[in-house]
Amino acid sequence: MELEWSDFLKWTRETQPGSVSEQTLTLENEVTVEIWDSGVMVAHPPKPGSKDIILSCAVHGDETAPIEMVRDIAHDIIAGDLVPAHRVMLLIANPDAINNGTRFVDENMNRLFSGAHANGNTAEHKRAQKLEYYVQRFYDEATGTKRQRFHYDLHTAIRDSMHEKFAVHPFTHGKPYKKNELSFLNHCGIEAVLLSQSATTTFSYFSAEQFEANAFTVELGKVKPFGENDMSRFASADKGLRELINQHDLQLPEFDANQLKIYEVTRVIDRQHEDFQLHFPTDVANFTPFEQGYVLATDGETEHCIETAGERIVFPNAKVKIGQRALLLVAEIPASRLKLV
Ligand SMILES: O=C(O)CCC(=O)N[C@@H](CCC(=O)O)C(=O)O
Ligand SMILES: [Zn+2]
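Treat the numbers as computed from the prediction; the structure is a model and nothing was measured. Numbering of residues starts from 1 in every chain and runs along the sequence as written. Chain A is the first chain written and ligand 1 is the first ligand written, with later ones labelled in order. Whole-chain, interface and lining totals are the exception, using all residues; otherwise, since this is a predicted model, local features are given only for residues with pLDDT of at least 70 and side-chain atom pairs are given and counted only at 80 or more. Values shown for side chains rest on all heavy atoms present in the structure; no hydrogens or waters enter the calculation.

Visitor: Quick question: what am I supposed to make of the overall build of the chain here?
Guide: Per the secondary structure count, the chain includes seven helices and 15 strands. Compactness check: the chain gives a C-alpha radius of gyration of 20 Å against a globular reference of 20 Å for 341 residues, within 12% of the reference. Structurally, the chain occupies a C-alpha span of about 65 × 45 × 35 Å along its principal axes. Here's how the labels work: a residue is buried when its accessible area is under 20% of the maximum for its type, exposed when over 50%, partly exposed in between, all with a 1.4 Å probe on protein chains only. Counting only residues that meet the buried cut, the chain has 55% of its 341 residues in that class. Residue exposure ignores everything except the shown protein chains as possible cover, and the areas themselves are Shrake-Rupley values with a 1.4 Å probe. Accessible area of the chain: about 14,900 Å², with a carbon and sulfur share of 47%. All tallies of charge rest on Lys and Arg as positive and Asp and Glu as negative; His and the ends of each chain are not included. By convention, the charge on Lys lies at NZ, on Arg at CZ, on Asp at CG and on Glu at CD. In the chain, 34 side chains carry a positive charge and 50 a negative one; their mean positions are 3 Å apart. Under the scheme used here, helices are H or I runs from DSSP no shorter than 4 residues and strands are E runs no shorter than 2 residues, and both carry numbers assigned from the N terminus. Based on C-alpha atoms, the radius of gyration is set beside the globule rule, defined as 2.2 Å times the residue count to the power 0.38.

This is the structure in structure tokens:
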């Protein structure tokens, strides 16, 4: 399949990952664009700034709004309308799942990073391994000192949410949270940050843990089919990410704790039995609180209840495979409790 530079998403959807030879194009503005694989584009100006920025989408194939955002960013770079000041990698992670119109084909790709891809042999396992390699290569190929690494893994959620836009901050293993990163998320219209308290096998945790990248899973709204997204609802995130790319030294307002809700993950409930049921309807939004004692789920003989007042539900999903996360419980904490730098 001949590479269609002007329609990276279409070409990606028509091309099998792993079947592509690398290609390079130098634009009139002297930005070099490289294609490393289906869905893998790297752009760099002749004198890149200090940031190495990764934007990924379609780790879940039916989360179309971020795919449209990344598609348009790729298009605007190729057209010369968005001129990167820094090295940028754009990833369309799971083209097969996009074509299938589903979250995944065989295996949830966002459970296959940090080496978990070694436990199976599906196309998603192989692609996750390749994506890890591309991330490593992208960060390793940077030259110059004092590099700042970024990875925004863009998603939309299955349910409505009391915070339409929120980010999951991968577990820091005790390292402090960065005020300028929280400010940037806020600048992108993110209303809440959820602090993960354990190692995971998500894409953002991989980049944060392996490469000390400022990496986040960013939930920008609700899953909708192509053509049904109101892109005006994604405008702040789109603007912020484009500014990160095309400004040498993006100036951000001071971190304002009043502008961002902070939640800590209090419990991760993994499905253990075939007989797993959630005891609230599908239209209950993420971050909804329940009263103490409410039985949220039964898993075989086990009941999962609200243990402390103020606990809220996030990402409930009774259909996950046994052993995978079926529900997160979170609680709001004051920003004053955070170790910040
Ligand atoms: O809406 C849902 O239930 C899932 C949305 C989603 O895909 N969330 C990510 C979060 C990843 C993280 O915890 O960093 C996922 O479940 O993979
Ligand atoms: Zn997702």
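Visitor: I'm lost on the packing of aromatic side chains in this one. Help?
Guide: Two rings from Phe, Tyr or Trp (for Trp, the six-membered ring) form a pair when their centres sit within 6.5 Å of each other. Planes less than 30 degrees apart are called stacked, planes more than 60 degrees apart edge-to-face, and all others tilted. Overall, the coordinates contain 16 aromatic pairs when judged by the stated rule. On the basis of an interplanar angle of 20° and a centroid distance of 6.4 Å, the ring pair of Phe-150 and Tyr-152 is categorised as stacked. Neither Phe-150 nor Tyr-152 differs from the other in exposure class; each is buried. Taken together, a centroid distance of 5.4 Å and an interplanar angle of 50° make the contact between Tyr-152 and Phe-184 tilted. Residue Tyr-152 is located in strand S6 (residues 148–157), and its partner Phe-184 is located in helix H5 (residues 179–187); the two are separated by 32 residues in the primary sequence. Pairwise contacts between aromatic rings join Phe-113, Phe-138, Tyr-139, Phe-203, Phe-206 and Phe-211 into one cluster. Either the NZ atom of lysine or the CZ atom of arginine qualifies as a charge over a ring when it sits within 6 Å of the ring centre and within 35 degrees of the ring normal. Over the face of the ring belonging to Phe-138 we find Arg-87, whose NZ or CZ atom lies 4.2 Å from the ring centre. Between the NZ or CZ atom of Lys-165 and the centre of the ring of Phe-234, over which it lies, the distance is 5.7 Å.

Visitor: Quick question: what am I supposed to make of the state of the cysteines here?
Guide: Any cysteine sulfur atom paired with another within 2.5 Å is treated as part of a disulfide. Taken as a whole and assessed by the stated rule, the structure comprises zero disulfides. For the unlinked cysteine Cys-57, the closest cysteine sulfur is that of Cys-188, found at 16 Å. A relative accessible area of 0% places Cys-57 in the buried class.

Visitor: Sorry, what's going on with the coordination of the zinc ion (ligand 2) here?
Guide: A four-donor tetrahedral metal ideally has 109.5 degree angles, and a six-donor octahedral metal ideally has angles of 90 or 180 degrees. In the first shell of the zinc ion (ligand 2), the protein supplies His-60 (ND1), Glu-63 (OE), Glu-63 (OE) and His-155 (ND1), at 2.0 to 2.3 Å from the metal. The motif formed by the donor residues of the zinc ion (ligand 2), counted along the single chain, is H-x2-E-x91-H. For His-60, a relative accessible area of 3% corresponds to the buried category. Of the residues examined, Glu-63 reaches a relative accessible area of 2% and is grouped as buried. The donor set comprises N, O and S atoms within 2.8 Å of the metal, extended to 3.2 Å for Na, K and Ca; water molecules are omitted, so apparent gaps in a site may simply reflect that omission.

Visitor: What's the story with the sheet that holds strand S10 (residues 261–270) in this structure? I'm lost.
Guide: Note: two strands are recorded as paired if DSSP finds a minimum of 2 bridges between them. With respect to topology, twelve strands assemble into an open sheet ordered S1-S2-S3-S5-S4-S6-S9-S7-S8-S10-S15-S14, the strand pairing being mixed. Looking at which strands have only one partner, the edges of the open sheet turn out to be strand S1 (23–26) and strand S14 (312–314). Each strand axis lies, on average, 25° off the axis of its neighbour in the sheet, ignoring direction. Two elements, S10 and strand S15 (residues 325–333), share eight bridges in a ladder whose sense is antiparallel. Across the sheet, Ile-269 pairs through a bridge with Leu-327, a residue of S15. Here, two residues are considered to be in contact whenever any of their heavy atoms come within 4.5 Å of each other. Axis definition: a line fitted to C-alpha atoms, over the contacting stretch in the case of helices. Angles run 0 to 180 degrees between N-to-C directions. The strands that helix H6 (residues 203–211) touches are strand S4 (51–57), strand S5 (87–92), S6 and strand S9 (214–222); relative to S9, the one it contacts most, it runs at about 165°. Sheet strands in contact with helix H7 (residues 235–246) are S4, S5, S6 and S9, and its direction is about 145° off that of S4.

Visitor: Just checking my understanding: could you explain the domain arrangement of the chain for this structure?
Guide: Bring the parts together and some accessible area is lost; that lost area is often taken as the interface size. The domain limits used here are those given by an automatic or database domain assignment. Split by domain assignment, the chain resolves into domain 1 (5–258) and domain 2 (266–334). Taking only C-alpha atoms, the centre of domain 1 and the centre of domain 2 are 28 Å apart. Between domain 1 and domain 2, the residue contacts involve 16 residues of the former and 22 residues of the latter. Surface buried jointly by domain 1 and domain 2 totals about 1,400 Å² across both partners, of which 57% is contributed by carbon and sulfur atoms. When the buried surface of domain 1 facing domain 2 is broken down by residue, Arg-111, Arg-159 and Met-162 rank first, second and third, together holding 43% of it. The salt bridge involving Lys-321 is made with Glu-107; its shortest N-O contact spans 3.2 Å. Counted as a polar contact is a pair of N or O atoms within 3.5 Å, where, for protein atoms, one must be capable of donating a hydrogen and the other of accepting one, and residues adjacent in sequence contribute only when both atoms are in side chains. At the boundary of domain 1 with domain 2, the tally comes to seven residue pairs in polar contact (both at pLDDT 80 or more). When residues of the side of domain 1 that touches domain 2 are traced back to their parent elements, those giving at least two are strand S7 (166–169) and strand S8 (192–195). Under the scheme applied, nonpolar residues are Ala, Val, Leu, Ile, Met, Phe, Trp, Tyr, Cys and Pro; charged residues are Asp, Glu, Lys and Arg; polar residues are all the others, including Gly. Residues of the side of domain 1 that touches domain 2, tallied by class, amount to seven nonpolar, three polar and six charged. Put simply, buried area is how much 1.4 Å-probe accessible surface two parts lose in total, over both of them, once they are put together. For salt bridges, the criterion is a side-chain nitrogen of Lys or Arg within 4 Å of an Asp or Glu carboxyl oxygen.

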